[in-house]
Amino acid sequence: MMANAQVPVAAIGPFGDSPVQVACPNCHQTVVSKVEHSSGLLTYLFCGGLFLCGFVLGCCLIPFCVDRLKNAQHTCPTCKTLLGVYKRL
Ligand SMILES: [Zn+2]
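Numbering of residues starts from 1 in every chain and runs along the sequence as written. Under the rules for a predicted model, residues below a pLDDT of 70 receive no local features and side-chain atom pairs below 80 are neither given nor counted, while totals for whole chains, interfaces and linings still include all residues. To obtain the side-chain values, all non-hydrogen atoms of the structure were used and water was disregarded.

A separate point is the confidence of the model for the protein. Scored between 0 and 100, pLDDT is the confidence that the predictor attaches to each residue. With 62% of its residues at a pLDDT of at least 70, the protein reaches an overall mean of 76. Numbering goes from the N terminus for both helices and strands, where a helix is a DSSP run of H or I of at least four residues and a strand is a run of E of at least two. Confidence scores differ between elements of the protein, with helix H1 (residues 41-52) showing the lowest mean pLDDT of 73 and strand S2 (residues 30-32) the highest of 95. It only takes one pair of heavy atoms within 4.5 Å for two residues to be counted as in contact. Of the regions scoring below 50 in pLDDT, residues 2-11 engages in six contacts with residues more than four places distant in sequence or in other chains.

Here you go:
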């Protein structure tokens with residue numbers, strides 16, 4: 001393990017909704033992660049829940065537009081390495 005006194009070492013994770021400063025394990029730079037949201041299990045559960053509650057078909061697609069219900073993928077903006085994923089479940 002190499003210690004770098006100048007750069008505050010950001011622990012990998014916990015990842016959340018927002019970009020976090022991490023040391024990329026691939027290009028060894030301290031970067032601010034790029035966050036992309038993808039539909040996760042909770043999105044589908046939420047969709048199913050809405051459907052069961054009697055919402056019309058259109059409404060049950062709403063969760064797919066809500067980033068808060070999605071997994072957040074953190075990637076390195078420099079080398080595109082996947083740094084971590086924040087999962088809802
Ligand atoms: Zn990188």
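Here a donor is an N, O or S atom found within 2.8 Å of the metal, or within 3.2 Å if the metal is Na, K or Ca; sites may look incomplete because water is not among the atoms. Coordination sphere of the zinc ion, protein contribution only: Cys 24 (SG), Cys 27 (SG), Cys 76 (SG) and Cys 79 (SG), at 2.2 to 2.3 Å. Angular criteria define each label, namely tetrahedral for four donors with all angles between 85 and 135 degrees, square planar for four and octahedral for six donors with opposite donors over 155 degrees apart and remaining angles between 65 and 115, and irregular for whatever fails these tests. Seen from the zinc ion, its four donor atoms lie at angles of 103 to 119°, and the figure they make is tetrahedral. All donors of the zinc ion belong to a single chain; written as a sequence motif, their spacing is C-x2-C-x48-C-x2-C. Pair noted here: Cys 24 is in the loop between strand S1 (21-23) and S2 and Cys 79 is in the loop between strand S4 (71-75) and strand S5 (82-86), with a separation of 55 residues, a long-range link. Accessible area is worked out with a 1.4 Å probe on protein chains only. A residue is then buried under 20% of its type maximum, exposed over 50%, and partly exposed in between. Taking relative accessible area as the criterion, Cys 24 reaches 2% and is therefore assigned buried. Taking the relative accessible area as the measure of exposure, Cys 79 reaches 25% and is therefore partly exposed.

Most of S4 sits out of view: four of its five residues are buried. Sheet topology places strand S3 (residues 34-38) next to S4; five bridges connect them, and they run antiparallel. Bridge pairing links Ser 38 to Asn 71 in S4. Paired strands are those between which DSSP finds at least two bridges. Pairing of S4 with S5 involves four bridges; the strand directions are antiparallel. Bridging across to S5, Ala 72 finds its partner in Tyr 86. If you look at the hairpin formed by S4 and S5, you'll find six residues sitting between the two strands, and Lys 80 has a positive phi there, around 65°.

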